[in-house]
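Coordinates in review
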Amino acid sequence: MPTKFPRNFVFVLCCVLSGLRPELGWTQTSAGPTGSSVQVTIPASVSQNGFTGSVPESKATSEVLAISFLDAIDRGLKQNLGLLLSSDNTLAARGEKWKELSNLLPNLQAKGQESAQQISAASIGFQFPGIPRVIGPFNYLDARVFLNQSVFNWNYIQKERAAAEGVRAAEYSYKDARELVVLVAGNAYLQAIAGAARVETSEAQVKTAQALYHRTADQQKAGVSPAIDTLRSQVELQSRKQQLIAARNDFAKQKLALSRIIGLALGQEFTLSDKAPYDVYVAPSLEESLRRAYASRPDYQAALAQVRAAELSRRAATAEHYPTFDIEGDYGDVGVTPATSNGTFHVAGTVTVPIFQGGKEHADVLEAEATLRQAKARLEDLRGQIDNDIRSALLDLNAAADQVEVARSSVDLAEQTLAQAQDRFTAGVTDNLEVVQAQESVASAHENYISSLYAHNLAKVELARSLGNAEQGVKQYLSKGK
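Please read these numbers as outputs of a predicted model, since none were measured by experiment.

Thoughts on the overall build of the chain
Within the chain one finds 11 helices and 6 strands. Pairs at least 24 residues apart make up 83% of the contacts formed inside the chain by residues separated by at least 6 positions. For the chain, the exposed surface amounts to about 25800 Å²; the carbon and sulfur share of it is 55%.

Topic: the pattern of salt bridges
Tallied over the entire structure, the rule returns 24 salt bridges. A salt bridge links Glu 203 to Arg 248; the shortest N-O distance between them is 3.2 Å. One end of the pair, Glu 203, is in helix H5 (residues 154-221); the other, Arg 248, is in helix H6 (residues 227-262), and 45 residues separate them in sequence. Across the pair Glu 369 and Arg 314 runs a salt bridge whose closest N-O atoms are separated by 2.9 Å. On the criterion of sequence distance, the pair formed by Glu 369 in helix H9 (residues 360-426) and Arg 314 in helix H8 (residues 298-318) is long-range, its members being 55 residues apart. Look at Glu 369 and you get partly exposed, because its relative accessible area is 22%.

Describing empty space enclosed by the protein
Counted according to the given criterion, the structure contains 3 cavities of 30 Å³ or more. Approximately 50 Å³ is the volume attributed to the second largest cavity. The wall of the second largest cavity is formed by 10 residues, among which Thr 201, Gln 205, Gln 243, Ala 443 and Glu 447 lie closest to the centre. Of all the secondary structure elements, the ones that give two or more residues to the lining of the second largest cavity are H5 and helix H10 (433-467).

So, the sheet that holds strand E6 (residues 342-352)
Strand order across the open sheet formed by 4 strands is E2-E3-E5-E6, with antiparallel pairing between neighbours. Across the chains shown, the open sheet's two edge strands, defined by having one partner strand only, are strand E2 (107-120) and E6. Taken pair by pair, the neighbouring strands of this sheet meet at an average axis angle of 20 degrees, ignoring direction. Across 11 bridges, the pairing between strand E5 (residues 324-335) and E6 is antiparallel. Across the sheet, Glu 328 pairs through a bridge with Ala 348, a residue of E6.

Here's the deal with H10
When the terminal C-alpha atoms of H10 are compared, their 51 Å separation across 35 residues agrees well with the 51 Å that a helix rising 1.5 Å per residue should span. Within H10, 28 of the 35 residues are buried, which leaves it mostly tucked inside the rest of the structure. In the segment just after H10, Gly 468 is the residue with positive phi, at about 80 degrees.

What about a nonpolar patch on the surface?
A cluster of nonpolar side chains, contributed by Val 151, Phe 152, Phe 325, Ile 327, Val 351, Val 353, Ile 355 and Phe 356, occupies part of the molecular surface with about 830 Å² of accessible area. Elements that contribute at least two residues to the nonpolar patch include exactly strand E3 (134-152) and E5. Counting through the fold element by element, Phe 356 comes out in the loop between E6 and H9. Residue class for Phe 356 comes out exposed when judged on its relative accessible area of 70%.

Remarks on the packing of helix H3 (residues 69-79) against helix H4 (residues 81-102)
In the contact formed by H3 and H4, the axes pass within 6 Å of each other and the chain directions differ by 40 degrees. Considering their axes alone, H3 and H4 lie oblique with respect to each other. When H3 is examined against H4, the residues Gly 76, Leu 77, Lys 78 and Gln 79 are found in contact with a partner set consisting of Leu 81, Leu 83 and Leu 84.

Thoughts on the nonpolar core
Core analysis: the biggest nonpolar cluster contains 41 residues, and Tyr 189, Leu 258, Ile 262 and Leu 272 have the highest contact counts within it. Setting aside anything within four residues of it in sequence, one finds Leu 272 in contact with Ile 67, Tyr 189, Ala 192, Ile 193, Phe 251 and Leu 258. Among the nonpolar cores identified, the runner-up in size contains 20 residues, and Tyr 281, Tyr 300, Leu 379 and Ala 393 belong to it.

Some remarks on H4
The end-to-end C-alpha distance of H4 is 32 Å, a good match for the 32 Å that 22 residues give at a rise of 1.5 Å each. Regarding H4, the residues found buried are Gly 82, Leu 83, Ser 86, Thr 90, Ala 93 and Glu 100. All buried residues of H4 fall inside an arc of 95 degrees around its axis, so they share one side. In H4, the exposed residues that point more than 90 degrees away from the buried face are Leu 91, Ala 92, Trp 98 and Lys 99.

Remarks on the packing of H5 against H9
It is at 12 Å that the axes of H5 and H9 come closest, and there the two elements cross at 10 degrees. In terms of orientation, H5 and H9 fall into the roughly parallel class. Here Thr 208, Leu 212, Arg 215, Thr 216 and Gln 219 of H5 lie close against H9, whose contacting residues are Leu 418, Gln 422, Phe 425 and Thr 426. Tallied by class, the residues present in the contact of H5 with H9 amount to 3 nonpolar, 5 polar and 1 charged.

A closer look at the confidence of the model for the chain
The predicted coordinates ought not to be read in detail in places where the model reports low pLDDT. Model confidence for the chain is summarised by a mean pLDDT of 84, while 89% of its residues fall at 70 or above. Across the chain, H8 holds the top mean pLDDT of 95, while helix H1 (residues 7-18) sits lowest at 35.

Thoughts on the environment of Leu 183
Mapped onto the fold, Leu 183 is located in helix H5. For the pair Leu 183 and Glu 471, spaced 288 residues apart in the sequence, the C-alpha separation amounts to 9.0 Å.

Remarks on the pairing of E5
Sheet topology note: the E3/E5 ladder contains 11 bridges and is antiparallel. Note on E5: the bridge partner recorded for Leu 147 is Gly 329. Joining the antiparallel neighbours E5 and E6 is a turn of 6 residues.

Details of the side chain of Lys 255
Relative to the assigned elements, Lys 255 resides in helix H6. No salt bridge is formed by the buried Lys 255; the nearest opposite charge belongs to Glu 269, separated by 5.2 Å. Side-chain polar atoms of Lys 255 contact the backbone oxygen of Phe 270, separated by 2.7 Å.

Criteria and thresholds
- Residues numbered from 1 in each chain as written.
- Predicted model: local features only at pLDDT ≥ 70, side-chain atom pairs only at ≥ 80, totals over all residues.
- Heavy atoms only, no water.
- Helix = DSSP H or I, 4+ residues; strand = E, 2+ residues; numbered from the N terminus.
- Contact = heavy atoms within 4.5 Å.
- Areas by Shrake-Rupley, 256 points an atom, 1.4 Å probe, with all protein chains shown as cover.
- Salt bridge = Lys/Arg side-chain N within 4 Å of Asp/Glu carboxyl O.
- Buried < 20%, exposed > 50% of the residue type's maximum accessible area, 1.4 Å probe, protein only.
- 1 Å grid on protein atoms, 1.4 Å probe; cavity = no way out; pocket = protein on both sides within 12 Å on 5 of 7 lines; lining within 4 Å.
- Points joined across faces, edges and corners; volume = space filled by probe spheres on them.
- Pairing = 2+ DSSP bridges.
- Axes fitted to C-alpha atoms, helices over the stretch in contact; angles between N-to-C directions.
- Expected span 1.5 Å × (residues − 1).
- Patch = residues over 30% accessible without salt bridge, like charges linked within 9 Å, V, L, I, M, F, W, Y side chains within 5 Å.
- Parallel < 35°, antiparallel > 145°, perpendicular 65-115°, else oblique.
- Core = buried A, V, L, I, M, F, W, Y, C linked by side-chain atoms within 4.5 Å.
- Arc of directions from axis to C-beta.
- Nonpolar A, V, L, I, M, F, W, Y, C, P; charged D, E, K, R; others polar.
- pLDDT = per-residue confidence, 0-100.
- Lys, Arg positive; Asp, Glu negative; His and termini not counted.
- Polar contact = N/O pair within 3.5 Å; in protein donor to acceptor, adjacent residues only side chain to side chain.

Okay, here's the thing in structure tokens:
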């Protein structure tokens, strides 16, 4: 009776014989292998704002660095481009505050001049007998200090308060940038150690396939096994070698991505000193998580500060209708020479009442009102996003924990099945088709375990980010199980 081959085996065999590369159960993407439940909820603006880049260290060292998970986080918090740009935005916001504050502070300046003049009396209407047509040349000295001070300008006061809220928003945005660095760097490190695990399992599968091929070839030579068994085991060996090549390439690229994010020197060699930890984590309740997130998340606090800044800007625009009071004065010394000079001063208080400025105040109010409405809308949207982030992170964490447990059991069962299939083949009870299928099951089980472990650890990082406690949270969540 002719042997029936499964369609997946025929497909692999045809691909090998034609020189094509079949897909071997998983395709590496930015989030993980296809078919896994990994959903990386990194904001879309991350790459646009520079969080996937860095300012690399100046020079690579000759030694191979051992980078742990926490080392990667710490390096990212120093070298990541997105964080450095956010720091500069905070500096710019402080500059804007000082600019608005300068309108309320005294403006003091000194000025000194030595002048020489000659005046035509006729040019200014003096044509009287006894008065010369030309007066001079003569000189005089004038040294003076000028003071301008806004005593009351409600528009300036509200603008300065709005700028102060802008500084607070920028500072919270900087804290949020640190949270994003932890998320991005943590995800890159977890991807890399998952890639390393895939390389290890692929190498083990190549050794297993190699052993099966040698055993089948020996049995064929002994005349106890047909040629199709040898061909089948050779196809399986080639498939596992191709998977190993792909796994090594993916791992190398994942290390490059990690190096870019954390700012290692160009060409710096490094190894990953941590393995993927696993420890069951009991997350806080939904209500407690939401309460902590609304109180702690820096992006939410930044949005609140932006709303307050917009409200103050709206008041500042309305205050353009209000009267203002300013004083100005100067004191100086005037004379032909310093020895013959005398002091002079001038002090004036000015009340300005806006009457009509061509509709400028109305235009400013409309613009400020639009900005305020946009800020409030963004705040409410972010509030809903936080609720979604928390719920998604808790769902992912629970689902990933269950997946890890199932995947562990699947690995054990698949390896037991492979051992029994090898024993049956050695005893001549069955051909090696059963062994090849068991090897594929082992490979699939290991891939599911690696993916679920990656998903579980990433879910912890995402939960810490969702709670607004990524920097400290990842140290607490991922330090267990090592």
